[in-house]
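Below, each chain spelled out in residue letters.
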Amino acid sequence: IAGNNQFCNQILKYAVKVKGHTKFADHHAYSINELEKVINNAKEAGVELIITTQKDFVKIPAAYDPYFAYPVMGVNMLNQSRMGTFFDEIKNRI
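Cut-offs applied
Residues numbered from 1 in each chain as written. Predicted model: local features only at pLDDT ≥ 70, side-chain atom pairs only at ≥ 80, totals over all residues. Heavy atoms only, no water. Helix = DSSP H or I, 4+ residues; strand = E, 2+ residues; numbered from the N terminus. Buried < 20%, exposed > 50% of the residue type's maximum accessible area, 1.4 Å probe, protein only. Contact = heavy atoms within 4.5 Å. Areas by Shrake-Rupley, 256 points an atom, 1.4 Å probe, with all protein chains shown as cover. Expected span 1.5 Å × (residues − 1). Arc of directions from axis to C-beta. pLDDT = per-residue confidence, 0-100.

Q: Got a minute to help me understand the overall build of the chain in this structure?
A: When helices and strands are tallied, the chain shows 4 helices and 2 strands. When the helices and strands of the chain are listed from N to C terminus, the series reads α-α-β-α-β-α. Evaluated residue by residue, the chain yields a buried proportion of 20% over its 94 residues. A separation threshold of at least 6 residues defines the contact pool for the chain, and within that pool the share at least 24 residues apart is 47%. As displayed, the chain offers around 7400 Å² of accessible surface, 53% of which is attributable to carbon and sulfur atoms.

Q: Hey, could you run me through helix α2 (residues 32–44) in this one?
A: Given 3.6 residues per helical turn, the α-helix brings residues three or four places apart onto the same face. With 13 residues, α2 ought to run about 18 Å at 1.5 Å a step, and its terminal C-alpha atoms sit 18 Å apart, in line with that. Residues Leu35, Val38, Ile39 and Ala42 constitute the buried set of α2. In an axial view of α2, the angular spread of the buried residues amounts to 95 degrees, which keeps them on one side of the axis. Turned more than 90 degrees away from the buried face of α2, the exposed residues are Asn33, Lys37 and Glu44. Those residues of α2 that are buried are in contact with β1 (50–51) and β2 (68–69).

Q: Help me understand the confidence of the model for the chain, please; the structure alone is not making it clear to me.
A: Caution applies to low-pLDDT parts of the model: their predicted coordinates are not meant to be read in detail. Looking at the chain, pLDDT values average 83 and 85% of them are 70 or higher. Here helix α4 (residues 83–93) is the element of the chain with the lowest mean pLDDT, 78, and α2 is the one with the highest, 95.

Laid out in structure tokens, this is it:
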């Protein structure tokens, strides 16, 4: 479950076999009916695990945890010489 094309492209790079994709808007609050529909569609397609973002996984009720997983993806800083400035700026805004 995701709407982010970059996330989906990363999954396609590493996934063995993707059998479907369901998009929701960013910051979407999932209803029980939506989750049930996604799970039922996945079962019908023979899906073993539904992949979502970590950000969205935390919004899914714990009762549905066995059906969902999220990959842990790293972040690369392109301009590492400015990392100290970046973190200082974050500290100043907290």
